[in-house]
Every structure is written in C-alpha cells, then in structure tokens.
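Coordinates in review
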Amino acid sequence: MTLLITIIAAIICTIIWYKTAPQDKMKISVLCFIYWGASLMWFVDAIFEYAEFREKFFTPSLYEMVNDTFLGVSAVALGLVVWIAKLLITDPKHIFKRRFKQ
Amino acid sequence: MACFIVPVAEAVISTVTAHILEKKEKKSDRVQKVSGIDSSFKICFSKKIKWLSKLLWGGSFLLAFEHLWHGEIKPFFPFLTAAKNSESFSDMLYEMSTVGIGMAFTVTVAWIGMLIVSGIFEKHQKVQEMREMI
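Procedures and definitions
In every chain, residue numbers begin from 1 and rise along the written sequence. Throughout, the order in which chains and ligands are written sets their labels, letters from A for the former and numbers from 1 for the latter. Whole-chain, interface and lining totals are the exception, using all residues; otherwise, since this is a predicted model, local features are given only for residues with pLDDT of at least 70 and side-chain atom pairs are given and counted only at 80 or more. Water and hydrogen atoms play no part in the side-chain values, which are based on all heavy atoms of the structure. What we call a nonpolar core is a set of buried Ala, Val, Leu, Ile, Met, Phe, Trp, Tyr and Cys residues that are connected through their side-chain atoms within 4.5 Å. Summary of the burial criterion: residues with accessible area below 20% of their type's maximum are buried, those above 50% are exposed, and those between are partly exposed, where the area comes from a 1.4 Å probe applied to protein chains only. Put simply, DSSP marks the helices as runs of H or I at least four residues long and the strands as runs of E at least two long, and each gets a number from the N terminus on. By definition in these notes, contact holds between two residues if any of their heavy atoms fall within 4.5 Å. Ring pairs shown here join Phe, Tyr and Trp side chains whose ring centres sit within 6.5 Å, with only the six-membered ring taken for Trp; geometry is labelled stacked below 30 degrees between planes, edge-to-face above 60, and tilted in between. Note on scores: pLDDT gives the predictor's confidence for each residue, bounded by 0 and 100. Two parts lose some accessible area (1.4 Å probe) when they are put together, and adding that loss for both gives the buried area. Each salt bridge in this description consists of a side-chain nitrogen of Lys or Arg and a carboxyl oxygen of Asp or Glu lying within 4 Å of one another. Polar contacts, as counted here, are pairs of nitrogen or oxygen atoms within 3.5 Å of one another; within protein the pair requires one atom able to donate a hydrogen and one able to accept it, and residues that are adjacent in sequence qualify only if both atoms are side-chain atoms.

Core analysis: the biggest nonpolar cluster contains 48 residues, and Tyr35(A), Leu62(B), Leu63(B), Met103(B) and Val107(B) have the highest contact counts within it. Of all the elements in the fold, those that place two or more residues in this core are α1 (2-20), α2 (28-53) and α3 (62-90) of chain A together with α1 (5-28), α2 (45-69) and α3 (86-133) of chain B. Sorting elements by how many residues they give to this core places α2(A) first, with 12 residues. Leave out the neighbours within four places in its chain, and Met103(B) touches Met41(A), Val44(A), Asp45(A), Cys3(B), Pro7(B) and Leu63(B).

Residues and elements named next belong to chain A. Applying the stated rule across the entire model yields 6 aromatic pairs over all chains. Consider the rings of Tyr50 and Phe57, whose centres lie 6.3 Å apart with planes at 75 degrees: the pair is edge-to-face. With a relative accessible area of 35%, Tyr50 lands in the partly exposed category. Ring pairs connect the aromatic residues Tyr50, Phe57 and Phe58, which therefore count as one cluster.

Time to look at the confidence of the model for chain B. Chain-level pLDDT for chain B is 85 on average; 90% of the residues reach the 70-or-more range. Averaged pLDDT values over the elements of chain B bottom out at 87 in α3(B) and peak at 93 in α2(B).

Facing 23 residues of chain B, the contacting portion of chain A comprises 20 residues. For the pair chain B and chain A, the summed buried surface comes to about 2,000 Å²; carbon and sulfur atoms form 84% of the total. At the boundary of chain B with chain A, the tally comes to 0 salt bridges. Applying the counting criterion to the chain B and chain A interface returns 2 residue pairs in polar contact (both at pLDDT 80 or more). Sort the elements by how many residues they give to the side of chain B that touches chain A and α2(B) lands first, with 13 residues.

See below:
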C-alpha cells in the first residue's frame, strides 16, 4: 500500500509538473523527485520482500494493510511538508521579498 | 533495517560532485546558464547530477521515515536498533549489501534513463536550430 500510494502521488505530481513546465515556479519538480525516488526504492524493497514471502506478499492482514496505508499517507504528507519548506525558503515568486520591502 | 544508508551515501557523493562540477562550469564559462539551460537548450551536467541527488535524497528521506515508523531508527545512540548486537548487525550489513545496493542501483539506472531521454531531446533541439540557421 505504501508503494502504491507513493506511486500515485508521484504520477499526480508529474502530471501537475508537466502542465506548468518548463516554468516550474511552484517547484513541483521537487515533489516529483521525492516521490519517484521513494517509489523506486520501495519497489526494490517490494521485490526483495516478494522473493522472501512469495504469495504471502499479496495477501497481507487487515492490520498490515491499515498500517501500510497510514504509513503511505504520512510519507506523502511528509514529502509535502519538505516541498512547502523548500518553497517558502527559496521563495521563487519573491512574495516575502516584496512584503519586506514595503 | 538500514538499507537507506547506501542511497544516502550515494546522495552525498553525487551532491559533492554536483557542487564541484557547478563551480568548474561557472569558472570556465563553458555553459551560459539561464535557469540551468543555455541558449542551445543544453542542460549542464551539474544540473543533471542534481537530478540524481534529489532522487536519492528524497527517496532516502521517506525511507528513513518508514524505518522510524517501524521502530528501526531510534533518536539516541546507536540510532539503529539493528546495531545493538553483532547478530542483528550482520543482518543489517547483509540487507544493506542486497536491498540497499539494489535501491541505489535502480535509482541510478532510472537517472541514466533520464540522461538518455534528455540527450535525445537536446540533439533534436540542436538539429532543429541548425536547420533554422540554414
């Protein structure tokens, strides 16, 4: 579930980035890199888990699924926090600069 | 356990390399940078290495969060629960050498794919520019 949620987040971010490319004033590319990087790493992790547990990998218990879903959503939220922090620090639209000048 | 350490190590190397390359590129003025793209739409190599470091840092950060979620990372020394005894430590090293290297390798392969695609676009752009000049 974590892998699935992160991949969905990565795809959505890539679509949004492509819509605004090549400007990228909102730094959506940062989100794309974070989510695609995590997706690739979790994908490799899933392959190794599948090699170890075989069919059990596709039949997780309800507890595991809920836990993984919470983890996936939390990971996406954490990625958004990193992006917001980067956006506010770099201030690509110079919003803070203009505010402080006034 | 600690598989994210391998991509973190690669991320550190790629970040340092990108900074060194960026300085060299700025010094020699080989590439006129306008938000990472020069007049012939050629993306400088330091920017391309930054793609790799962003992929690695982003991925490892979320992976570290997952490890924290599962209680594999602690906020106090030795930080990794697997580093408590020698048996779990050897398991951790085994995981790093299999899953960790697999992760770093996959991200690097994806990045090489990005390089190939961007290289094709750059070539296409160059040909188009030359045609326009003729």
